[in-house]
Amino acid sequence: MNTTRTQVAIVGAGPAGLTLAHLLHLEGIDSVVLEDRSREYVEARIRAGVLEQAIVDLLVEAGAGERLQREGLVHHGIELQFAGERHRIPLSDLAGGRAIVIYGQTEMVKDLIALRLATGGPLLFEVDNVSVHDLDTGRPVVRYRHDGREEELECDVIAGCDGFHGICRPSIPDGILSEFSREYPFGWLGILAAVAPSSDELVYAHNERGFALLSLRSPELSRLYVQCRPDDDVSEWPDDRVWEELQLRLGLDGWTLAEGPVLEKGVTGMRSYVCEPMRYGRLFIAGDAAHIVPPTGAKGLNLALHDVRVLAEALVDWFRSANPVGLDAYSDTCLRRVWRAEHFSWWMTQMLHRPEEQDAFDLKLQLSQLRYVTSSPAAATALAENYVGLTSL
Ligand code: FAD
Ligand code: DHB
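Residues numbered from 1 in each chain as written. Chains lettered and ligands numbered in written order. Predicted model: local features only at pLDDT ≥ 70, side-chain atom pairs only at ≥ 80, totals over all residues. Heavy atoms only, no water.

Undergrad: Would you mind showing me how to read the site of ligand 1 here?
TA: Looking at ligand 1, there are 30 residues lining it, with E35, R45, R47, Q105 and D288 nearest. In this structure, E35 approaches ligand 1 through a side-chain N or O atom, which is 2.6 Å from an oxygen atom. Between Y225 and ligand 1, the recorded distance is 3.1 Å, taken from a side-chain N or O atom to an oxygen atom. Taking 990 Å² as the accessible area of ligand 1 by itself, protein coverage stands at 85%. Elements with a minimum of two residues in the shell around ligand 1: α1 (15-26) and α8 (300-321). Looking at which element gives the most residues to the shell around ligand 1, the answer is α8, with 3 residues. Partitioned by chemical class, the residues of the shell around ligand 1 number 14 nonpolar, 8 polar and 8 charged. (Near = heavy atom within 4 Å. Polar contact = N/O pair within 3.5 Å; in protein donor to acceptor, adjacent residues only side chain to side chain. Areas by Shrake-Rupley, 256 points an atom, 1.4 Å probe, with all protein chains shown as cover. Helix = DSSP H or I, 4+ residues; strand = E, 2+ residues; numbered from the N terminus. Nonpolar A, V, L, I, M, F, W, Y, C, P; charged D, E, K, R; others polar.)

Undergrad: Got a minute to help me understand the site of ligand 2 in this structure?
TA: Around ligand 2, the surrounding shell holds 14 residues, and the nearest of these are Y204, S215, R217, Y225 and P295. Separating an oxygen atom of ligand 2 from a side-chain N or O atom of R217 is a distance of 2.7 Å. P295 has a polar backbone atom sitting 2.6 Å from an oxygen atom of ligand 2. Within the complex, 97% of the 290 Å² of free accessible area of ligand 2 lies under protein. Contributing elements (two or more residues each) for the shell around ligand 2: β16 (212-218) and β17 (221-228). Ranked by the residues each element gives to the shell around ligand 2, the list is headed by β16, at 3 residues.

What follows is the structure in structure tokens.
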């Protein structure tokens, strides 16, 4: 077995792992990033698209936001649609001028991979059999297979950035973690379509046929979602059916949804999940590896980057001055924001989705909540400050 050494072994080259690697590089801390998929696969995976202002600022300050600044679309409001009407929530007016930026996670990942390779930092794709060991000692180890060779990576710290289905969290011994979760009887069928977006701003629509969302990626690319069953297969959703549902759920008198070729299609299940603490010994878990939110609040990607910002700062203090305060506080610091996002995402989800057998009382409550949030400045401000990202937590 070939043995190498680094300061931080990072498992997973998603947004969390790649951003952490770059933030550490800027501070002169070595890391090795291990990813089990191919570069092509990681760069093609279509996922989130809404960035909080603070996350945009983080990437720009770290020198990873050049294309994001050029191509990202700044939005100052979103629309909520229900009972046949659209209501604008003026996010920036309500949230101290802060905005969101629409920039595909796929594009962010491409930028971060290019940056990592340009800075010469190790980033290995298509590694197999990744396992983590000796987590409760001062010399943790990651073992993996790459190019047919067994490898051992000795390090000071392991960052588990390997997503919800990764191996880091399950490597923590039984009895250490507390887990909190909720399943929803909904899924999202998402498409990317080669057609100019029919609305300048995102439209979140409550409809008797189920939720729908109009989003975008660029002036030429629309991103659209319809509520489906969590176990639906994409084969049950031919393009005609997707467009028909989108037309029915988003349609309004005097407004048309333009259709175009569907470039990509996928179903995402919806769940809430948090594990506590986000640390075991020298293993720190970040992003989807530690928590999942339903996508309705657009928080998953943002939370992942907030985690690694906190982790990077704590690691700098620890490596530079042997100061463990930040690392010891890592889990509690992150979990404050995580639980706020969990609540917000759950709240948006239950306000906008229609269960198959909806109780008439629950429907009246949803509509009342939507009316309140679109007519009361206090309620609209609560939505806006959560959506653009809270600054104090
Ligand atoms: P990930 O992006 O999951 O990255 C983890 C990485 O680790 C992956 O590259 C994975 O291949 C790798 N990995 C896994 N196991 C191993 C292993 N054993 N060894 C090495 N590498 C490993 N959020 C929104 O806000 N809006 C959305 O519309 C939205 N849509 C989504 C659709 C899907 C299908 C999914 C899964 C998530 C979606 N999310 C969405 C959530 C958002 O994309 C995630 O919160 C975000 O990707 C989290 O980043 P991460 O780096 O923590 O995890
Ligand atoms: C998108 C995804 C979300 O989860 C959301 O709430 C808004 C927009 C998107 O992919 O564009």
